Each structure stands twice: as structure tokens, then as C-alpha cells.
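Commentary on secondary and tertiary structure
Below are the chains, spelled out letter by letter.
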Amino acid sequence: MPRRQDQPPPWPHAPTHLLDASGIYFVTAATYLKQHHFRDRARLEVLQRGLLTITHEFGWRLEAWAVFSNHYHFIAKTPSEAADAESLPRMIRALHGPMSTWVNKLDGVPGRQVWHNYW
């Protein structure tokens, strides 16, 4: 997809999120400093359940997903009525916010940065 003139050129460590088309998206999100916050089965299950719940609530259709101790991936189709993927940033925030609060409470470190970026 061509870059719009008002967008800066992509940078490999923080790529521009081009969300102006509907379709299927491959998304990866990583924890800050690749820390293993979701290091056991119970934490991974909560992250997976959160991902499944949030994508459903936002109307995205998951095709495939994988969750790991310090990152996750998913492939999903934009909501059927959507002309673009503009809901993706809100959806990611709706997942990352509660997951950060939850894992920080478990570890006794409120306010710690858990997520780094998604692309």
C-alpha cells in the first residue's frame, strides 16, 4: 500500500501503522524490553482469553493467533462493516491496558510499563 504524502517514511523499529484499508491484518505486539511477564501457563491463558474476548468485542474475526511469554501474534479480518482498520489501535489499548494492570498487580509493581509496541 503506498504511503500518503502526509505520513513520515516508515522506520523499521517503529513502523507506521497504515490502517486505511479493510482486510486481513497480521499483528505482532511485544512486551517492553522483551520481558517475560506472561511466563507461566495461567498468565498465558489470561492473555489468550483477553485477546479472544477483545477481538470479538471489536468485531474482528480471528483467523490465527499465538501467545508467548513476551509477545503475541494474530491474524484477523477487520469488522465486516468497517471501511478500514481504524479500530485496531483502540482494540490493542483495550487489551494492553487491563493486561498491564493485571500482571503488574500480580508482580507487585504498579505503573510498570508492560507493552512496548505493536506492528
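For the structure, see preceding data.
One structure accompanies this document, and this report is about it. On a predicted model such as this, the values are computed, not experimentally measured, just so you know.

1. A closer look at the packing of aromatic side chains
Under the criterion given, the structure shown has 4 aromatic pairs. Seen in terms of ring centroids, Phe-38 and Trp-115 are 5.5 Å apart; in terms of plane orientation they differ by 25°. Their pairing is stacked. Within this pair, whereas Phe-38 is found in the loop between β1 (24-31) and α1 (41-57), its partner Trp-115 is found in strand β4 (residues 115-118), the two being separated by 77 residues in sequence. Summarising the aromatic geometry, the rings of Tyr-72 and Phe-74 are spaced 6.3 Å apart at their centres and angled 10° between planes, so their arrangement reads as stacked. Chaining the aromatic ring pairs together yields one cluster made of Phe-38, Tyr-72, Phe-74 and Trp-115.

2. Let's talk about the packing of α1 against helix α2 (residues 88-107)
Between α1 and α2, whose axes approach to 10 Å, the crossing angle comes to 155°. Our classification of the angle between α1 and α2 gives roughly antiparallel. The two elements α1 and α2 cross, and the hand of that crossing is right-handed. Each of Arg-43, Val-46, Leu-47, Gly-50, Leu-51, Ile-54 and Thr-55 in α1 lies in contact with α2, whose residues at this interface are Met-91, Ala-94, Leu-95, Met-99, Trp-102, Val-103, Leu-106 and Asp-107. Taken together, the residues of the contact of α1 with α2 break down into 11 nonpolar, 2 polar and 2 charged.

3. Brief notes about the nonpolar core
Ranked by internal contacts, the top residues of the largest apolar core, which has 24 residues, are Tyr-72, Phe-74 and Leu-88. At the level of elements, β1, α1, β2 (61-67), β3 (71-77), α2 and β4 are the ones that each hand at least two residues to this core. Examining the composition of this core, we find that 6 residues originate from one element, α2, more than from any other.

The rules behind the values
- Residues numbered from 1 in each chain as written.
- Predicted model: local features only at pLDDT ≥ 70, side-chain atom pairs only at ≥ 80, totals over all residues.
- Heavy atoms only, no water.
- Phe/Tyr/Trp six-rings, centres within 6.5 Å; stacked < 30°, edge-to-face > 60°.
- Helix = DSSP H or I, 4+ residues; strand = E, 2+ residues; numbered from the N terminus.
- Axes fitted to C-alpha atoms, helices over the stretch in contact; angles between N-to-C directions.
- Parallel < 35°, antiparallel > 145°, perpendicular 65-115°, else oblique.
- Left-handed = near helix turned anticlockwise from the far one by under 90°.
- Contact = heavy atoms within 4.5 Å.
- Nonpolar A, V, L, I, M, F, W, Y, C, P; charged D, E, K, R; others polar.
- Core = buried A, V, L, I, M, F, W, Y, C linked by side-chain atoms within 4.5 Å.
- Buried < 20%, exposed > 50% of the residue type's maximum accessible area, 1.4 Å probe, protein only.

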